[in-house]
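Tertiary structure, described
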Amino acid sequence: MEKFDKVIHNHNRVFMAGNDRIGRQQAIAIAKALASAPRLRILEYLVIKVASLSEIARDLSMPIATASLHLSRLEAAGLVSSHTAPGKRGQKRLYTRLYDTVIFSLPDVPLEAEVDHFETQMPVGAFVDHRVESPCGLAGIDSVIGRLDDPLLFYAPERLAAQMIWLTHGYLLYRFPNYAYERDLPRSLRLSLEICSEAAPAALDWLSDIFIEINGVRLGIWTSPSDFADRRGGLTPAWWPDWNSQYGMLKVWQVDAAGASLDGRRLSPVTIGDLDLPTRPYIAVRIGVDDTAENKGGMNIFGRAFGNHPQDIVMQIDY
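Residues numbered from 1 in each chain as written. Predicted model: local features only at pLDDT ≥ 70, side-chain atom pairs only at ≥ 80, totals over all residues. Heavy atoms only, no water.

**Side note on the confidence of the model for the protein**
Using the following cut-off: Per-residue confidence from the predictor is given as pLDDT, running between 0 and 100. Contacts were defined at the residue level, with two residues in contact if any of their heavy atoms lie within 4.5 Å.
Across the protein, pLDDT averages 89, with 90% of residues at or above 70. Counting contacts from residues 1-11, a segment whose pLDDT is below 50, to residues more than four positions away or on other chains yields 18 contacts.

**Digging into the sheet that holds strand β7 (residues 129-132)**
Selection rule: Here, a strand pair is defined by DSSP locating no fewer than two bridges between the strands. Going along the chain from the N terminus, every DSSP run of H or I of four or more residues is numbered as a helix, and every run of E of two or more is numbered as a strand. Between the N-to-C directions of two axes lies an angle of 0 to 180 degrees, each axis being a line fitted to C-alpha atoms and, for a helix, fitted only over the stretch in contact.
Judged by pairing direction, the sheet is antiparallel, and its five strands sit side by side in the order β7-β10-β17-β12-β13 without closing on themselves. Edge positions in the open sheet fall to β7 and β13 (217-224), since each of these has one partner strand only. Pairwise comparison of adjacent strand axes, ignoring direction, gives a mean angle of 15° for this sheet. In this structure, strand β12 (residues 208-214) lies alongside strand β17 (residues 282-289), joined through four bridges in antiparallel fashion. If you follow E213 over to β17, its bridge partner there is R286.

**Things to note about the nonpolar core**
We apply this condition: Only buried residues count toward a nonpolar core. Its members are Ala, Val, Leu, Ile, Met, Phe, Trp, Tyr and Cys residues joined through side-chain atoms within 4.5 Å. Exposure is judged per residue with a 1.4 Å probe applied to protein chains only, and the accessible area is read against the type maximum: over 50% gives exposed, under 20% gives buried, and values in between give partly exposed.
Judged by nonpolar contacts, the single largest core of 46 residues is most densely connected at L172, Y174, I287, I301 and I313. The next biggest cluster of nonpolar side chains, apart from the first, holds 19 residues, and it includes A33, L43, I56 and A57.

**Side note on the packing of helix α2 (residues 37-45) against helix α4 (residues 64-76)**
Applicable threshold: Roughly parallel refers to an angle under 35 degrees, roughly antiparallel to one over 145, roughly perpendicular to one between 65 and 115, and oblique to any angle outside these ranges.
It is the contact of α2 with α4, at a shortest axis distance of 10 Å, that shows an interaxial angle of 80°. By the criterion of interaxial angle, the relationship of α2 to α4 is roughly perpendicular. Of α4, the residues touching α2 (which contributes P38, R39, I42 and L43) are A67, H70, L71, R73 and L74.

**With respect to the pattern of salt bridges**
The following threshold applies: Each reported salt bridge corresponds to a side-chain nitrogen of Lys or Arg within 4 Å of a carboxyl oxygen of Asp or Glu.
Summed over the entire model, instances satisfying the criterion amount to 14 salt bridges. R190 is the partner of D318 in a salt bridge, and the nearest nitrogen-oxygen pair spans 3.1 Å. Taken together, the residues D318 in strand β19 (residues 313-318) and R190 in strand β11 (residues 188-196) connect sequence positions 128 residues apart. You can call R190 buried: its relative accessible area is 18%. With a shortest N-O distance of 2.4 Å, R232 and D242 are connected by a salt bridge. On the criterion of sequence distance, the pair formed by R232 in the loop between β13 and β14 (249-256) and D242 in the loop between β13 and β14 is long-range, its members being 10 residues apart.

**Remarks on unusual backbone geometry**
Residue S134 is joined to P135 through a cis peptide bond whose omega torsion reads 5°. Examined against the element boundaries, P135 turns out to sit in the loop between β7 and β8 (136-139). With an omega of -5°, the peptide bond between A200 and P201 qualifies as cis. Here P201 shows up in the loop between β11 and β12.

**Some points on the packing of aromatic side chains**
Cut-off, in case you're wondering: Pairing of aromatic rings covers Phe, Tyr and Trp, the last through its six-membered ring, and needs centres within 6.5 Å; plane angles under 30 degrees mean stacked, over 60 mean edge-to-face, and all others mean tilted. Our definition puts a charge over a ring when NZ of Lys or CZ of Arg is within 6 Å of the ring centre and also within 35 degrees of the ring normal.
For the structure on display, the rule yields nine aromatic pairs. Geometrically, the ring pair formed by W239 and W240 is edge-to-face, given 5.4 Å between the ring centres and 85° between the ring planes. Classification of W239 by relative accessible area gives partly exposed; the value is 31%. The exposure class of W240 is buried, given its relative accessible area of 3%. Members of the aromatic cluster, connected to one another through ring pairs, are W166, W239, W240 and F306. Geometry around F127 places R159 over its ring, the cationic atom sitting 5.3 Å from the centre.

Shown next, in the form of structure tokens:
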């Protein structure tokens, strides 16, 4: 017999699930829908008639809510359909069984593996540890948070509202939820954020060696070329001064089995296996500038309401 993804014969109403990805997904949905005695009773009931929810619930001695849930599951799997029709008290919904026979075709060729994708957007002010000295600061959507150059504010709960953070050296430490915890090793981990150097006031020719560490493993150092203030950031609030840092560069670090890369270019030999991901419920990300850096030019980190990119610090994990 020629294989089809879906075949409907009006005379005996046959459903055949194919071997492509969509066919397999639908076959799984159908199998789950059929793995229920109450739902099988509903399908048996609908062999000889079209019926409303209240009729099905009454004749099968089911609560209305229970029957409704089962019918929703059967309809989502494509085994029944529903339509409205006039009733004694207005419109009523009638349910029809669509198939008499369901045929599953077992896989005969492997499919490319499915990819599970997990993403977390971490607000820039949600760091859990830091080492910061003056000059430094935090800015929210409407104003500077607290006083300028006050490291004590980095402990204050108001820091969570920050949309921009600047410091001349030191670090910020974030903890992301670890969707790789107690699972197999993921394929890759990506981290992206908008970032640049920090000068006071802003200076276009201002280098800074900014490092990224994940779970205590340093991926490498990126040398930021500038503290950008040549034009206003597309998202930077109007109250923020023109002469101050306006935007950064969106940088993307990735770690996989081949090593660590930055914006698609090889950065270091650190692999996904070196990060010890399955052993702890969080992923520690430390971003900073070493006291001993050759270019100790500080850093600005921009949130979704500052700079040019409407995002926070984004971590993506793929399986």
